[in-house]
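Overview (structure and organization)
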Amino acid sequence: MTKRTVRDFDWRGKRALVRVDFNVPFERGTRRISDDVRIREALPTIAYLREQGASVVLCAHLGRPDGKRDANLQLEPVAERLSELLGAPVPYVNDAVGDEARAAAETLEPGGVLLLENVRFWPEEERNDPAFAAALASLADAYVNDAFGTAHRAHASTEGAAHHLPAMAGLLMEKEIAFLGGILESPARPLAALLGGAKVSDKLQVLGRLIGHADELFVGGGMAGTFLKAQGCEIGASLLEENLTGFCAETMERAAAASTPITLPEDVVVAERIEEGAPTEAVPVGAIPPGAMILDIGPRAAERYARRLAAMGSVVWNGPMGVFEVEPFHRGTQAVAEALAASGAVTVIGGGSTAEAVARFGFAERMSHVSTGGGASLEFLEGKELPGVAALDDAEDSRRSAGT
Ligand code: ADP
Ligand code: MG
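Residues numbered from 1 in each chain as written. Chains lettered and ligands numbered in written order. Predicted model: local features only at pLDDT ≥ 70, side-chain atom pairs only at ≥ 80, totals over all residues. Heavy atoms only, no water.

Here we look at unusual backbone geometry
Quick note on the threshold: Only runs of H or I of at least four residues qualify as helices and only runs of E of at least two qualify as strands under DSSP, and these elements are numbered from the N terminus.
At the junction of arginine 189 and proline 190, the peptide bond is cis and its omega measures out at -5 degrees in the coordinates. In this fold, proline 190 is placed in the loop between helix 6 (171–185) and strand 6 (191–195). Here the residue pair glutamate 327 and proline 328 is connected by a cis peptide bond, since its omega of 5 degrees sits within 30 degrees of zero. When you line up the elements, proline 328 lands in the loop between strand 12 (314–318) and helix 11 (331–342). Backbone geometry at asparagine 128 places phi at a positive 55 degrees, although glycine is not the residue there. Looking at the secondary structure, you find asparagine 128 in the loop between helix 4 (123–127) and helix 5 (130–137).

Next comes the structure, spelled out in structure tokens:
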């Protein structure tokens with residue numbers, strides 16, 4: 001599926017309505033932005049549009065105001081930070097679809113940038129209200145979606161507005177679709193999937209999509225416990241989804257039959273408490289003491305996973321190998337992250353915690369792609385069509401309408 005992008009439109013003298021992901025974290029109890037990565041990720045699209053002579057009306061949400069105005073969730077600090085990053089003024093209006101927003105949009109010069117108020121202050125946004133979507137769209141000549149992180153939601157600014165205007169992907173959205181879509185459609189082989197995180201139940205559908213598609217599947221993290229239990233191991237006090245042991249056993253068989261062998265850890269790091277400095281032990285999976293919890297893959301498994309992953313053509317990774325937030329349960333996650341960073345494979349990281357882990361260990365720059373969308377990347381890998389992507393024009397349509 002190829003979508004029209006910002007590069008398939010003549011922007012001279014035109015006004016763009018751009019949905020961006022500015023859902024940034026703040027220092028606790030303040031209006032000081034603690035991490036502006038999401039704002040920086042939107043810069044290439046904004047810069048491109050300005051260079052092409054467009055004016056830019058940015059639309060975003062912040063937090064969960066539930067359809068009500070909330071002074072703590074206004075986007076003004078984001079406008080200030082964006083202005084610093086662009087080296088240009090970014091006016092902000094406390095409005096999204098009213099007269100104030102319209103007046104500010106209409107007075108923008110080519111290259112001008114405006115930020116609308118938190119679009120979730122209006123209950124119509126999350127309801128995908130058609131009149132609200134039309135009102136947003138009426139602020140501009142064309143619609144751009146660069147907010148991959150909310151593309152799995154059908155809201156007025158992420159989906160509805162796209163139906164009223166020429167609608168295309170921003171550069172960040174384009175990159176997300178290219179890398180995640182590449183894994184599903186035309187991966188460099190062999191393709192490995194590395195799945196971890198807390199629960200099997202979060203990953204059922206991804207497992208389903210990747211079995212028969214990936215060449216090997218590696219399992220770690222909390223979800224490994226239920227798989228090990230299904231293989232007859234005693235797992236002590238580890239995270240267990242009892243109702244899914246049958247599913248795990250079947251999945252192992254189905255996967256082997258579909259030529260996607262599932263590899264489980266041969267050893268694990270266990271402790272009785274999830275606590276920094278708690279006494280830990282690395283044990284073979286057949287010798288987990290009663291009362292112990294699996295909190296990381298073991299050193300032998302980490303070494304084997306790292307070695308095998310490094311030999312792949314592409315690797316998609318969703319879910320940390322252990323409780324990486326707490327030392328010393330970070331080692332398995334760090335080891336596979338390091339191996340992926342050093343490998344020549346196409347490496348695609350999805351999932352909020354996995355992205356956080358890769359960044360924490362300093363390997364983010366060395367991955368082919370770290371997705372900016374936690375939930376959205378998971379749904380994409382499940383094979384679901386994301387409403388915010390589906391609503392964009394197809395590349396072929398835009399070429400035909402341009403007469404080429
Ligand atoms: P992502 O956000 O990347 O999709 P998940 O949300 O599925 O990842 O899982 C992340 C969480 O899983 C982390 O908070 C991590 O501490 C937890 N986790 C990993 N391994 C274990 C384990 N063995 N036991 C309990 N929790 C774990
Ligand atoms: Mg998560």
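Quick notes on helix 5
This is how it is decided: Buried residues are those whose accessible area, probed at 1.4 Å on protein chains only, stays under 20% of the maximum for their type, while exposed residues exceed 50% and partly exposed ones sit between those limits. It is the directions from the helix axis to the C-beta atoms whose arc is reported. Contacts between residues were defined by any pair of non-hydrogen atoms, one from each residue, lying within 4.5 Å. In the analysis that follows, any N or O atom pair within 3.5 Å is treated as a polar contact, provided that within protein one partner can donate a hydrogen and the other can accept it, and provided that, for residues neighboring in sequence, both atoms belong to side chains.
Residues Phe132, Ala133, Leu136 and Ala137 constitute the buried set of helix 5. Down the axis of helix 5, the smallest arc covering the buried residues is 135 degrees, so these residues share one side. Away from its buried face by more than 90 degrees, helix 5 exposes Pro130 and Ala131. Looking at the buried residues of helix 5, the elements they touch are strand 1 (15–19) and helix 4. Where helix 5 starts, the residue carrying a side-chain oxygen 3.2 Å from the main-chain nitrogen of alanine 131 turns out to be aspartate 129.

Quick look at the sheet that holds strand 4 (residues 142–145)
Quick note on the threshold: Here, a strand pair is defined by DSSP locating no fewer than two bridges between the strands. Note on definitions: angles span 0 to 180 degrees between N-to-C directions of axes, and those axes are lines fitted to C-alpha atoms, for helices only across the stretch in contact.
Strand order in the open sheet made by the five strands is 3-2-1-4-5, with parallel pairing throughout. The open sheet has two free edges, formed respectively by strand 3 (113–115) and strand 5 (167–169), since each of these has just one partner strand. The mean angle between the axes of side-by-side strands here comes to 25 degrees, regardless of whether they run parallel or antiparallel. Taken together, the three bridges between strand 4 and strand 5 define a ladder with parallel strand orientation. Within strand 5, the residue paired with tyrosine 143 across the bridge is alanine 167.

Things to note about the site of ligand 1
Applied cut-off: Nearness here has a simple test: a residue counts as near a molecule or strand if at least one of its heavy atoms is within 4 Å of that partner. Using a 1.4 Å probe, accessible areas were evaluated by the Shrake-Rupley method; residue-level cover was limited to the displayed protein chains. Residue polarity follows a fixed list, in which Ala, Val, Leu, Ile, Met, Phe, Trp, Tyr, Cys and Pro are nonpolar, Asp, Glu, Lys and Arg are charged, and the others, Gly among them, are polar.
Of all residues adjacent to ligand 1, which total 18 residues, the nearest are Lys203, Ile294, Glu325, Ser353 and Thr354. For ligand 1, an oxygen atom lies 3.1 Å from a polar atom in the backbone of alanine 198. Separating an oxygen atom of ligand 1 from a backbone N or O atom of serine 353 is a distance of 2.8 Å. Relative to its unbound accessible surface of 580 Å², ligand 1 loses 81% to contact with the protein. The greatest single-element share of the shell around ligand 1, amounting to three residues, is contributed by helix 12 (residues 352–360). Its residues assigned to classes, the shell around ligand 1 comprises six nonpolar, ten polar and two charged.

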